[in-house]
Amino acid sequence: MSEIRIAARYAKSLITLATENGDLDVIHKDMQIVSESCKGSRELVLALRSPLIKFDKKRSILNAIFKDKVSSFTISFFDILTRKHREMYLHEISNEFVRQYNTLKGIQKAQLYTPVRIDELLRKQFIQMVEIQSGKKAEIEEFVKEDLIGGYILRIGDSQIDDSIKSKLLKIKTTFTENQYIPKL
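Note that the structure is predicted; figures quoted are calculated from it, not measured. (Residues numbered from 1 in each chain as written. Predicted model: local features only at pLDDT ≥ 70, side-chain atom pairs only at ≥ 80, totals over all residues. Heavy atoms only, no water.)

Novice: Break down the overall build of the protein chain for me, citing the residues and quoting the values.
Specialist: Within the protein chain one finds eight helices and four strands. Going from the N terminus to the C terminus, the protein chain shows its helices and strands as α-α-α-α-α-α-β-α-β-β-β-α. A compact globule built from 185 residues would reach a C-alpha radius of gyration of about 16 Å, whereas the protein chain, at 22 Å, exceeds it by more than 25%. When the backbone C-alpha atoms are referred to their principal axes, the protein chain occupies close to 80 × 40 × 30 Å. For the protein chain, the proportion of its 185 residues judged to be buried stands at 35%. For the protein chain, the accessible surface area stands at approximately 12000 Å², while carbon and sulfur atoms represent 56% of it. A distance of 4 Å separates the average location of the 31 positive side-chain charges in the protein chain from that of its 25 negative side-chain charges. (Helix = DSSP H or I, 4+ residues; strand = E, 2+ residues; numbered from the N terminus. Rg over C-alpha atoms; globule rule 2.2 N^0.38 Å. Buried < 20%, exposed > 50% of the residue type's maximum accessible area, 1.4 Å probe, protein only. Areas by Shrake-Rupley, 256 points an atom, 1.4 Å probe, with all protein chains shown as cover. Lys, Arg positive; Asp, Glu negative; His and termini not counted. Charge placed at Lys NZ, Arg CZ, Asp CG, Glu CD.)

Take a look at the structure:
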């Protein structure tokens, strides 16, 4: 079975159980913590994927890292994953959980790339832009990309709005490289 299908099934099951227990928002925060931890620690991901490390050792690693950061429900979920030898998919499961949670709650994620950090007024304008375009509540992840020179790139799902100086300069360069001038002989 593919990683995507495994992650989707475990995430869906976790959402169902969390909803039944009334802990959906708590588990969502836990899965965000797990996702950020896996994203920030290559060593953790490699340890979970290693066939040389036994499942009980992996369970103790997860417990040591997350016992004070996540709920007991999530710790029990880690136990199930390690017993089923699915701990290697923890990062994908946590990402898929967050994605399914956002779909369930009607939240649209967007990524904003700017050459400098933006202020609160601009942030509100971008959030409003995303909400108008998607018709959902918006959450924006902000990234600083100095090579944009000016302007912004906004990614909403599969679409992208590129209003950066860098892309405008590339368009001008492309226009100049197309030699449209034909001299008269």
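Alright, that's what it looks like, and here's the rest.
Novice: Describe the packing of helix α2 (residues 24–40) against helix α5 (residues 72–83), naming the residues involved and giving the relevant values.
Specialist: Here α2 crosses α5 at 55°, and the two axes come no closer than 9 Å. With respect to α5, the axis of α2 lies oblique. The hand of the α2/α5 crossing is right-handed. For the pair α2 and α5, the contacting residues are Ile27, Asp30, Met31 and Val34 in the first and Phe73, Thr74, Phe77 and Phe78 in the second. In terms of residue class, the contact of α2 with α5 is made up of six nonpolar, one polar and one charged. (Axes fitted to C-alpha atoms, helices over the stretch in contact; angles between N-to-C directions. Parallel < 35°, antiparallel > 145°, perpendicular 65-115°, else oblique. Left-handed = near helix turned anticlockwise from the far one by under 90°. Contact = heavy atoms within 4.5 Å. Nonpolar A, V, L, I, M, F, W, Y, C, P; charged D, E, K, R; others polar.)

Novice: Summarise the pairing of strand β3 (residues 151–156); cite the residues concerned and give the values.
Specialist: Here strand β1 (residues 107–114) pairs with β3 via four bridges, running antiparallel. Across the sheet, the residue bridging to Ala110 is Ile156, located in β3. Bridge count for β3 against strand β4 (residues 159–164) is six bridges, and the pairing is antiparallel. Among the inter-strand pairings, Ile153 is bridged to a residue of β4, identified as Asp162. Connecting β3 to the antiparallel partner β4 that follows it, the hairpin turn spans two residues, and Gly157 within it adopts a positive phi of roughly 60°. (Pairing = 2+ DSSP bridges.)

Novice: Please provide a residue-by-residue account of unusual backbone geometry, values included.
Specialist: If you check the backbone angles, His85 has positive phi at about 60° while not being a glycine. When you line up the elements, His85 lands in the loop between α5 and α6 (90–105). With a phi angle near 70°, Ile149 is a residue other than glycine that sits in the positive phi range. Structurally, the position occupied by Ile149 is in the loop between β2 (137–144) and β3. Overall, Ile149 belongs to the exposed group, its relative accessible area being 56%.

Novice: How would you summarise the side chain of Asn102 if you had to cite specific residues and measurements?
Specialist: As for its placement among the helices and strands, Asn102 is situated in helix α6. Among all residues touching Asn102, those that are not within four sequence positions of it are His28, Ile107 and Lys109.

Novice: Describe α5, with residues and values.
Specialist: End to end, α5 covers 17 Å across 12 residues, agreeing with the expected 16 Å (1.5 Å per residue, within 8%). Buried residues of α5: Phe73, Thr74, Phe77, Phe78, Leu81 and Thr82, and no others. Buried positions along α5 lie against α1 (3–21), α2, α4 (55–66) and α6. After α5 finishes, the residue His85 shows a positive phi value of roughly 60°. (Expected span 1.5 Å × (residues − 1).)

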